[in-house]
Amino acid sequence: MRVLTVNPGSSSVKLAIVADGVELSSVGVDTATAEQTRGPLTELAMRWQPVDAVGVRFVHGGDRSSATLLDTEETARLAGLVDLAPLHQPLSLELAALATATVAAPVVACFDTAFHAHMPEPATRYALPKAWAAKYGLRRYGFHGLSCAHALRRSSELLHREADAMCLVCCHIGSGVSVTAIRDGHSVDTSMGFTPLEGAAMSTRSGSVDPGLLIYLLRTEATDVKGLEQALEHGSGLAGLTGTNGDMRDVLAARTAGDSDAELAVQVYLHRLRREIGAVAISLDRVDALVLTGGVAEHQPDLIAELVEGLELLGVTVDPDRVRGTGDRLVSPVAAPVDVLVVTAQEGLEIARQTTNYLAMNGAT
């Protein structure tokens, strides 16, 4: 089956054609809107006719535990989740509508939240009034699930172990940052929660902040709800700490040039990431491997080495030569107590796999 995958991220859209688990062609659209994506999507679909299906990444799927056909009813349900993922959900909806209008094939929604759908209930609950939780669906959903699913599958291949038999800590380190504990083939704890704001510090997002601090800002009228949302989503994280756009490459360049704000920002970033790694690791019986994926993990080996230097308590170390290699690889020393791997983020392959599986199970192949 030939699948056109549509993967909107925090700062770009990646389109790809995948057949039988192999990416045949791809194109990236930077700072994309649906209109900017129209031409590349149409061209890719025309060049690789026939396209049998389209798979679209949705950051938020609510309580869905697997991919599903994107029909009118499902589209309306996903539109109702926009407030929970305002950076991503609107663009996914627009791109799905574009794909439906452009390609004469089923369009399947694949969810980042689905990988976390079977977390133990204590890991999903907030200590809030149960009436609120019931009425407003307040729970920890988790995100970056498509990345985690691919990282798990690829790690099992690299380590020659069954995916369901491994206990992993998976760090997705890109514009967004999350840490997930994986056991029995699915998430059992994760750093992101009701929205993708919770957890580690990110490129422009704050990560977890004392809720009392936020109440203070509103009560003293330092900002209003709209201003607070803008600051937490777009003006915090590395961007807020440095006054840059939050791109890790720019922050590291400023740090190298002696910028003290950039130095502090990197240390805050690493400290918060290590805290999340330690926090989710406690949800596992053991840690077989630490898996690092996402753009920062793939392209900043010195930063990864610096991150791991602070994780000795977990038995985690890296080999200086291996960490500066390329591609999917083991970067820990031989016979290290915990394997450390760097895996290229390939959500597109996971989107194609889930799309193919959904259509096969529903008699649409």
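For every chain, the first residue of the written sequence is number 1, and numbering continues from 1 along that sequence. This being a predicted model, a pLDDT of at least 70 is required before a residue's local features are given, and a value of 80 or more before pairs of side-chain atoms are given or counted; all residues contribute to the totals for chains, interfaces and linings. To get the side-chain values, take all heavy atoms of the structure and skip hydrogens and water.

(A) Highlighting the overall build of the protein chain. Secondary structure elements follow DSSP: runs of H or I no shorter than four residues count as helices, runs of E no shorter than two count as strands, and numbering proceeds from the N terminus. A tally of regular secondary structure across the protein chain gives 15 helices and 12 strands. By the compact-globule yardstick of 21 Å for 365 residues, the protein chain fits well, its C-alpha radius of gyration being 20 Å. Expressed as lengths along the three principal axes of its C-alpha atoms, the size of the protein chain is roughly 55 × 55 × 45 Å. Any two residues whose heavy atoms approach within 4.5 Å at even a single point are treated as in contact. Nonlocal contacts in the protein chain, meaning residues at least 24 apart in sequence, comprise 65% of its contacts between residues at least 6 apart. Summing over all exposed atoms, the protein chain offers an accessible surface of approximately 16400 Å²; the carbon and sulfur share of this is 53%. In the protein chain, which carries 29 positive and 44 negative side-chain charges, the distance between the mean positions of the two groups comes to 3 Å. As a reference, a globule follows 2.2 Å times the number of residues to the power 0.38, and the radius of gyration itself is taken over C-alpha atoms. Method for areas: the Shrake-Rupley scheme with a 1.4 Å probe, in which residue coverage is limited to the protein chains shown. Within this scheme the basic residues Lys and Arg register as positive and the acidic residues Asp and Glu register as negative, but His and the chain ends are omitted. Note on charges: their place is set at NZ of Lys, CZ of Arg, CG of Asp or CD of Glu.

(B) Structural context of the nonpolar core. Put simply, a nonpolar core is a bunch of buried Ala, Val, Leu, Ile, Met, Phe, Trp, Tyr and Cys residues held in one set by side-chain atoms that sit within 4.5 Å of each other. Buried residues are those whose accessible area, probed at 1.4 Å on protein chains only, stays under 20% of the maximum for their type, while exposed residues exceed 50% and partly exposed ones sit between those limits. The biggest cluster of nonpolar side chains holds 78 residues, and the ones touching the most others in it are Leu 4 and Ile 173. Counting residues per element, this core draws most heavily on helix α11 (residues 260-281), at nine residues. Contacts of Leu 4, omitting those with residues within four sequence positions, involve Ala 16, Ile 17, Leu 41, Leu 44, Ala 45, Val 51, Ala 53, Val 54, Gly 55 and Val 103. Judged by nonpolar contacts, the second largest core, of 14 residues, contains Cys 148, Leu 168, Cys 170 and Val 343.

(C) Highlighting unusual backbone geometry. A cis amide bond links Gln 49 to the next residue, Pro 50, at an omega of -5°. Relative to the helices and strands, Pro 50 resides in the loop between α1 (34-47) and β4 (53-58). Even without being glycine, Asp 184 reaches a positive phi, approximately 60°. Tracing the backbone through its elements, the reader meets Asp 184 in the loop between β8 (177-183) and β9 (186-190). Unlike most non-glycine residues, Ala 335 shows phi in positive territory, near 65°. Tracing the chain through its elements places Ala 335 in the loop between β11 (329-330) and β12 (339-343). The class of Ala 335 is exposed, set by a relative accessible area of 76%.

(D) Main features of the pattern of salt bridges. By definition, a salt bridge exists where a carboxyl oxygen of Asp or Glu is found within 4 Å of a side-chain nitrogen of Lys or Arg. On inspection of all chains with the given rule, the structure shows 19 salt bridges. With a shortest N-O distance of 3.3 Å, Arg 38 and Glu 35 are connected by a salt bridge. Here Glu 35 and Arg 38 lie together in helix α1, a separation of three residues that amounts to about one turn. Here Arg 38 falls in the partly exposed class, since its relative accessible area comes to 40%. The network of salt bridges with shared partners includes Arg 64, Glu 74 and Arg 77.

(E) Highlighting the side chain of Glu 350. Positionally, Glu 350 belongs in helix α15 (residues 347-361). Of the residues examined, Glu 350 reaches a relative accessible area of 2% and is grouped as buried. Residues contacting Glu 350, with those up to four places away along its chain left out, are Leu 146, Ala 149, His 150 and Arg 153.

(F) Molecular detail of the sheet that holds β12. Strands are treated as partners if at least two bridges between them are detected by DSSP. The mixed open sheet is built from six strands, whose spatial order is β9-β8-β7-β10-β12-β11. Each edge of the sheet is formed by a strand with only one pairing partner; in this case those strands are β9 and β11. As paired strands, strand β7 (residues 168-173) and β8 are joined by six bridges and run antiparallel to one another. Note on β8: the bridge partner recorded for Val 169 is Ala 181. Helix-sheet contacts for helix α6 (residues 145-159) involve β7, β8, β10 (289-293), β11 and β12, and the interaxial angle to β12 is about 120°. What counts as an axis is a line fitted to C-alpha atoms, over the stretch in contact for a helix, and the angles between N-to-C directions run from 0 to 180 degrees.

(G) Expanded view of the sheet that holds strand β6 (residues 107-111). Strands sit in the order β3-β2-β1-β4-β6-β5 across an open sheet of six strands; the sheet is mixed. Every other strand in the sheet has two partners, leaving β3 (22-30) and β5 (68-69) as the edge strands with one partner each. As paired strands, strand β2 (residues 12-19) and β3 are joined by eight bridges and run antiparallel to one another. Each residue of the ladder has a partner; that of Ser 12, found in β3, is Asp 30. Along the sheet face, α1 touches β1 (2-8), β2 and β3 and points at about 160° away from the line of β3. Along the sheet, helix α3 (residues 89-102) contacts β1, β2, β4 and β6; its crossing angle with β4, the most-contacted strand, is approximately 170°.

(H) Region of interest: the packing of aromatic side chains. A pair of aromatic rings is counted whenever rings of Phe, Tyr or Trp (Trp by its six-membered ring) have centres within 6.5 Å, and the orientation is called stacked for planes under 30 degrees apart, edge-to-face for over 60 and tilted otherwise. Summed over all chains, the structure comprises two aromatic pairs. Ring plane angle 35° and centroid distance 6.1 Å describe the contact between Tyr 141 and Phe 194, whose orientation is recorded as tilted. Of this pair, Tyr 141 sits in the loop between α5 (130-136) and α6 while Phe 194 sits in the loop between β9 and α7 (211-219), and the two are 53 residues apart along the sequence. Residue Tyr 141 is classed as buried on the basis of its relative accessible area of 10%.

(I) Focus on the state of the cysteines. A pair of sulfur atoms, both from cysteines and within 2.5 Å, is called a disulfide here. Per the counting criterion, the structure on display carries zero disulfides. Here Cys 167 is not disulfide-linked; the sulfur of Cys 170 is the nearest cysteine sulfur, at 14 Å. No disulfide involves Cys 171; its sulfur sits 6.8 Å from the nearest other cysteine sulfur, which is in Cys 170. Residue classification places Cys 171 among the buried positions, given a relative accessible area of 0%.

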